[in-house]
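# Close look at the chain arrangement
Chain residues, written in single-letter form:
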Amino acid sequence: MDSEKIEAATMQFVELSNDLRISMLLGILKKGSGKISEIAKKHSVPVQEVARNFKRMTEAGLVIKNSEGEYKLTRVGELACYNIPSFIFISNNKKYFKFHNFGYVPIKFVQRMGSFVDTELLHGTPIVLDRWKSIYDNASKKINVISSELFDAEFVDMIVEKLKENSELKTSYIMSTDTIMPKQRREDLIDKGLHSLISEKKIERRMLKKIRTILVTNENEAMVMFPSIDGQSDMREAFYGTDPDFIEWCEDYFEDSWKKSDSFTEKQIKYFDKKYPE
C-alpha cells in the first residue's frame, strides 16, 4: 500500500479519534439523522461543542446537513460507522486477545468482528457451561453446535429429551474426528432413541479434523469460544450475546463450517470402556 493511501486513511482516523464524534456518528446511523440541539442534550455538552464537531466531520466528508437543519451520514460516514464497532470490540477485549487467537477464523468473519460489540464476556468454565445449558433449554426451533468434545450425560440427555418433546426442534452438530466417548454412553443413547432421532433428521452430525473455535447457538442467543494462542480449544471464557448481528455472524460461521466438514463416520469416534460419570 502506497504512502498517499496510508496518509489519507490516517487523516480519517484523526477525525474519528474522539469519543463524542464516534457517539454522534453511531447515533445518526441508528436514528437516520441528528440535530445539534438533540445531540447536545443527549450527551450533556454545549451546543457550540456539538456544532464544532459537526463542522469537522462535514469537512471530512462524514456527514452532510440537509435543508431542515439535520445532519445525515454520507456514504463515507456510513462505511466508517460499519467498521467502528470492530475497533470498539477489539479495544475493549485487548486482554482476552493477548491469550486467544481468532487467526484460525476465515478472514471474511474476522472482518465482521463488529458483530461482537454488544456481547458479554463470560469468565470461568462453570459459568460458560451453565450458559451453554441455558441455550439448550431456551431453544424452540434449532440448536447448532461446533465442539471439540462431547459433554457429560446431563448435556446429552437434555438435548435428546428436548428433541423428543418439541416436534419443531432440530439440532446440527459438528464434532471433531478425535472425539472420545464411553461405550456405555453410546449404549445409553441408543436406548434413548438416538437412532430414530437421526433417521427423522432431528439430529444431523458432521465432522471436522480439527476444531479450534467452539460455538453453540439457538434461534435467539449464541456463544463463541476462540482458541488459545497455541490453537487449542478453550472453554474457560466465552462471548455470549443476543444481538441479531451477533446471531447472524454465528449462523453464518456455522454454515461455513458445515460446508467444510465431512460426513459423520461412527468408526472415527474413539470409545473406551469406562462408564460415564453420573
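Right above here is the structure, for reference.
The structure presented is a predicted model; accordingly, all values stated were derived computationally and were not measured. Every chain begins its residue count from 1, and numbering advances along the sequence as written. Local features in this predicted model are restricted to residues of pLDDT 70 or higher, and side-chain atom pairs are both shown and tallied only at a pLDDT of 80 or more, whereas totals for entire chains, interfaces and linings draw on every residue. With hydrogens and water excluded, all non-hydrogen atoms of the structure serve as input to the side-chain values.

The set of buried Ala, Val, Leu, Ile, Met, Phe, Trp, Tyr and Cys residues whose side-chain atoms join them within 4.5 Å is what this entry labels a nonpolar core. Categorising residues by exposure relies on relative accessible area from a 1.4 Å probe, with only protein chains included: less than 20% of the type maximum marks a residue as buried, more than 50% marks it as exposed, and the intermediate range marks it as partly exposed. Ranked by size, the top nonpolar core spans 28 residues in total, and within it Trp 132, Tyr 136, Ile 143, Val 145, Val 216, Met 223 and Met 225 carry the most contacts. Elements are defined by DSSP. Helices are runs of H or I of four residues or more, strands are runs of E of two residues or more, and each kind is numbered from the N terminus. Here this core gets five residues from one element, more than from any other, and that element is helix α9 (residues 153–165). Ranked by size, the runner-up nonpolar core spans 24 residues in total, among them Val 105, Val 224, Phe 246 and Phe 254.

Time to look at a nonpolar patch on the surface. A grouping of Leu 29, Leu 79 and Tyr 82 is seen on the molecular surface, where their side chains present a nonpolar patch of about 310 Å² in accessible area. By the element assignment, Leu 29 lies in helix α2 (residues 19–31). Within the patch definition used here, like charges are joined within 9 Å and nonpolar side chains (Val, Leu, Ile, Met, Phe, Trp, Tyr) within 5 Å, considering only residues with over 30% relative accessible area and no salt bridge. Shrake-Rupley sampling with a 1.4 Å probe provides the accessible areas, and residues are treated as covered by the protein chains on show and by no other component. Salt bridge criterion: a side-chain nitrogen from Lys or Arg within 4 Å of a carboxyl oxygen from Asp or Glu.

Looking now at the packing of helix α3 (residues 36–43) against helix α4 (residues 47–59). One way to put it is that α3 packs onto α4 with a least axis distance of 9 Å and a crossing angle of 120 degrees. The pairing of α3 with α4 is recorded here as oblique in orientation. For the pair α3 and α4, the crossing hand works out as right-handed. Along its contact with α3, which presents Ile 36, Ile 39 and Ala 40, the element α4 presents Val 47, Val 50, Ala 51 and Phe 54. For the contact of α3 with α4, a count of residues per class yields seven nonpolar, no polar and no charged. Between N-to-C directions, angles span 0 to 180 degrees; the directions come from axes that are lines fitted to C-alpha atoms, helices contributing only their stretch in contact. Under this scheme an angle from 65 to 115 degrees is roughly perpendicular, one under 35 degrees roughly parallel, and one over 145 degrees roughly antiparallel; angles in between are oblique. Handedness of a helix crossing follows the sense of rotation of the near helix relative to the far helix, less than a right angle counterclockwise being left-handed and clockwise being right-handed. The contact rule is simple, with two residues in contact once any of their heavy atoms fall within 4.5 Å. Lys, Arg, Asp and Glu make up the charged group, whereas Ala, Val, Leu, Ile, Met, Phe, Trp, Tyr, Cys and Pro make up the nonpolar group; the residues left over, Gly among them, are polar.

Let's shift gears to unusual backbone geometry. Most peptide bonds take the trans configuration, and most residues that are not glycine carry a negative phi. For Ser 44, which is not glycine, the phi torsion reads 55 degrees and is therefore positive. Even without being a glycine, Lys 201 presents a positive backbone phi close to 60 degrees. Counting through the fold element by element, Lys 201 comes out in the loop between α11 (194–199) and β7 (203–208).

All right, on to the packing of aromatic side chains then. Any two of the Phe, Tyr and Trp rings considered here, Trp counted by its six-membered ring, make a pair once their centres fall within 6.5 Å; the pair's planes then place it as stacked at under 30 degrees, edge-to-face at over 60, or tilted in between. One pass over the full model with this rule turns up 19 aromatic pairs. Both rings, one in Phe 89 and one in Phe 97, keep their centres 5.8 Å apart while their planes meet at 75 degrees; by these two values the pair is edge-to-face. Taking relative accessible area as the criterion, Phe 89 reaches 2% and is therefore assigned buried. In this structure Phe 97 comes out as buried when scored by relative accessible area, which is 18%. Seen from their ring centres, Tyr 96 and Phe 239 are 4.8 Å apart, and the 75 degrees between their planes marks the pair as edge-to-face. With Tyr 96 in helix α6 (residues 94–99) and Phe 239 in strand β10 (residues 237–241), this pair connects stretches of sequence that are 143 residues apart. For Arg 131, the ring lying beneath its charged end belongs to Tyr 240, and the centroid distance is 4.3 Å. Cation over ring: Arg 206 sits above Trp 258, and NZ or CZ is 5.8 Å from the ring centre. The rule for a charge over a ring is simple: NZ of Lys or CZ of Arg within 6 Å of the ring centre, and within 35 degrees of the ring normal.

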